[in-house]
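Chain and residue survey
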Amino acid sequence: SVVRDQAGEQPIAAHLQGVLSVHGLVEDSMILPTAVMSLSGQDQWDCFAAITAYGCEANDEAQPCGSVLDVLFRFFTSSTHLEAALNTDSTEKEVSKTDENDPVSLKNVIEMLTRENANLRASTEDLQRQLEEAKEEASSTKGKAGEAAVERDHDAEKEADRGVERLASDQKSLTIAKLLDSDHKRPHVLSVYTINPKILKVKNVQPHSIQSMIQLIAILYETKAQADLVDDRENNRRQSFPEYLRDFLINRFGLKSIALQNLKGLILGVEKHSGDSEGGRRVKLFGHLSGILYRDCWHEDLSNFILHALGLIFQVSKIKENMDHTANKSPIIDPSIAIDAAKQAWAKYGFGDDGVVEECIMHLSQQSGGALKLHSWLEGLVEVWFQGSAALDNELRLVFRTYDSDRNGVLDMDEFRSMVRHLMGDGEETTIDERTISRLFAEALEESGQMIGGKDDESLDVMCAEAFIRVARKFNIGGSNR
């Protein structure tokens with residue numbers, strides 16, 4: 001009460017700061033609790049009496065009451081101070097002094113604050129308990145929700161995996177379908193004619209002239225026939241015409257870049273002049289034999305058939321002599337010799353009955369009044385051969401589709417074996433050993449991979465019909481007309 005009276009009209013906080021300053025304490029309201037606690041004796045009780053009075057009379061101009069009461073709370077919640085305030089004689093004396101003039105009894109305040117503190121503690125403990133229960137419930141709910149979420153995530157992952165698998169399967173099927181979208185694919189050996197323009201030293205390669213091609217064609221026919229005789233004698237595999245043509249040019253020009261440049265010029269010349277009236281027939285015939293002018297049922301056996309017939313009607317060493325003439329010249333040959341040579345060649349590289357060959361030649365001879373022109377004879381043989389080749393390809397393709405019913409091109413070894421034995425027939429004389437079947441299977445897969453250009457795993461087991469047809473014809477398997 002003394003402190004409050006001395007304060008007069010001043011805000012009690014300002015007076016408290018003055019009291020604290022007397023004792024050398026910092027005048028900072030933020031450290032007021034610490035400052036009051038650092039006092040001792042009567043000074044401490046004077047400050048707390050003033051604080052109590054201020055807490056009851058706080059107004060808008062004064063320091064907020066909550067901050068002042070916080071000082072009391074910090075002080076009286078200390079068990080040491082609380083016990084001292086309630087039990088010691090000095091405390092009671094000091095309290096009784098203040099009770100005489102202070103309308104708010106400090107002892108009552110202490111008891112009130114003690115009760116409030118107890119209630120606050122109980123409320124706090126209750127709130128803490130509720131908080132813990134809420135946390136446990138939240139944790140439990142979160143746990144259950146988490147488990148449900150994990151299960152949903154797991155199910156979603158499974159569904160995603162199944163979707164990926166379906167997508168991969170569909171993609172594989174689509175890829176295979178694209179790879180097998182055509183029944184007629186160019187054999188890999190014809191890739192010789194696919195020349196990268198970047199490796200050519202001349203940017204604009206010009207087509208060869210028709211006369212230069214006629215001379216080159218005559219040389220190629222003779223040298224290829226001679227090379228075949230050597231391969232047959234040495235029991236070596238014959239080179240296909242495209243492979244031989246490439247190697248011939250490399251050997252002739254010495255550099256691969258120059259050879260490929262001339263090969264490109266030859267290809268352009270064949271494409272340009274095959275329709276010409278003068279000499280165009282011979283160029284077109286060469287285009288078919290070589291595969292430059294590709295037809296669906298083209299096979300290496302076409303060049304074998306024609307060159308063998310030429311070697312029979314002429315001597316092999318004289319093929320160039322009889323073929324190297326001007327574009328407008330058309331030599332005449334004996335029909336009977338032509339028929340005999342054609343039949344012998346047909347027996348090795350043709351299809352079934354040779355009557356079709358004889359009929360073709362007789363028809364050509366009659367059109368020319370009994371005479372037979374060399375190049376008409378060759379053209380007739382090529383057309384008859386293509387007809388037989390197409391029939392054989394269709395027959396083999398039909399058998400392949402029977403064993404590849406789902407058209408996915410995937411045949412296992414057992415299916416392939418059954419297909420080959422079906423084509424070979426069931427007779428004892430047509431028995432084929434397992435080693436040959438394995439070789440056929442491997443070559444068919446390799447040829448298929450080269451044809452369809454598959455580079456990924458999905459193409460490893462894919463066998464297209466055209467690849468099987470080429471391998472079957474290479475080993476002379478199947479075909480009722482073969």
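That block above? That's the structure.
All of these numbers come straight from a predicted model, not from anything done at the bench.

Cut-offs applied
Residues numbered from 1 in each chain as written. Predicted model: local features only at pLDDT ≥ 70, side-chain atom pairs only at ≥ 80, totals over all residues. Heavy atoms only, no water. Helix = DSSP H or I, 4+ residues; strand = E, 2+ residues; numbered from the N terminus. Buried < 20%, exposed > 50% of the residue type's maximum accessible area, 1.4 Å probe, protein only. Contact = heavy atoms within 4.5 Å. Areas by Shrake-Rupley, 256 points an atom, 1.4 Å probe, with all protein chains shown as cover. Expected span 1.5 Å × (residues − 1). Salt bridge = Lys/Arg side-chain N within 4 Å of Asp/Glu carboxyl O.

1. Considering the overall build of the chain
A count of helical and extended segments in the chain gives 20 helices and 2 strands. Sorting the 482 residues of the chain into buried and exposed places 41% on the buried side. Long-range pairs, those at least 24 residues apart, make up 69% of the contacts in the chain with a sequence separation of at least 6. For the chain, the exposed area adds up to about 26,700 Å²; of that, 49% sits on carbon and sulfur atoms.

2. Considerations on helix H15 (residues 335-349)
Under the 1.5 Å per step criterion, the end-to-end length of H15 is 20 Å for 15 residues, consistent within 8% with the ideal 21 Å. Where H15 is buried, its residues touch helix H13 (301-313), strand S1 (332-333), helix H16 (355-367), strand S2 (372-373) and helix H17 (374-403).

3. Overview of the environment of Glu383
Within the secondary structure, Glu383 sits in helix H17. Taking relative accessible area as the criterion, Glu383 reaches 35% and is therefore assigned partly exposed.

4. Things to note about unusual backbone geometry
Here Asn235, not a glycine, exhibits a phi torsion of approximately 60 degrees, which is positive. Note on placement: Asn235 falls in the loop between helix H9 (210-233) and helix H10 (241-253). The residue Asn476 is not glycine, and still its phi comes out positive at about 60 degrees. By the secondary structure assignment, Asn476 is in the segment after helix H20 (465-474).

5. A short note on the pattern of salt bridges
All told, the structure shown has 18 salt bridges when counted by the stated rule. The salt bridge involving Asp228 is made with Arg238; its shortest N-O contact spans 3.8 Å. Of the two residues, Asp228 is situated in helix H9 and Arg238 in the loop between H9 and H10; the sequence distance between them amounts to 10 residues. In terms of burial, Asp228 and Arg238 fall into one category: buried. Across the pair Arg473 and Asp393 runs a salt bridge, and its minimum N-O distance is 2.8 Å. Of this pair, Arg473 sits in helix H20 while Asp393 is found in helix H17, placing the two residues 80 residues apart along the sequence. On the basis of relative accessibility, which here comes to 6%, the residue Asp393 falls in the buried class. Linked through salt bridges whose partners overlap, the residues forming this network are Lys224, Asp228, Asp232 and Arg238.

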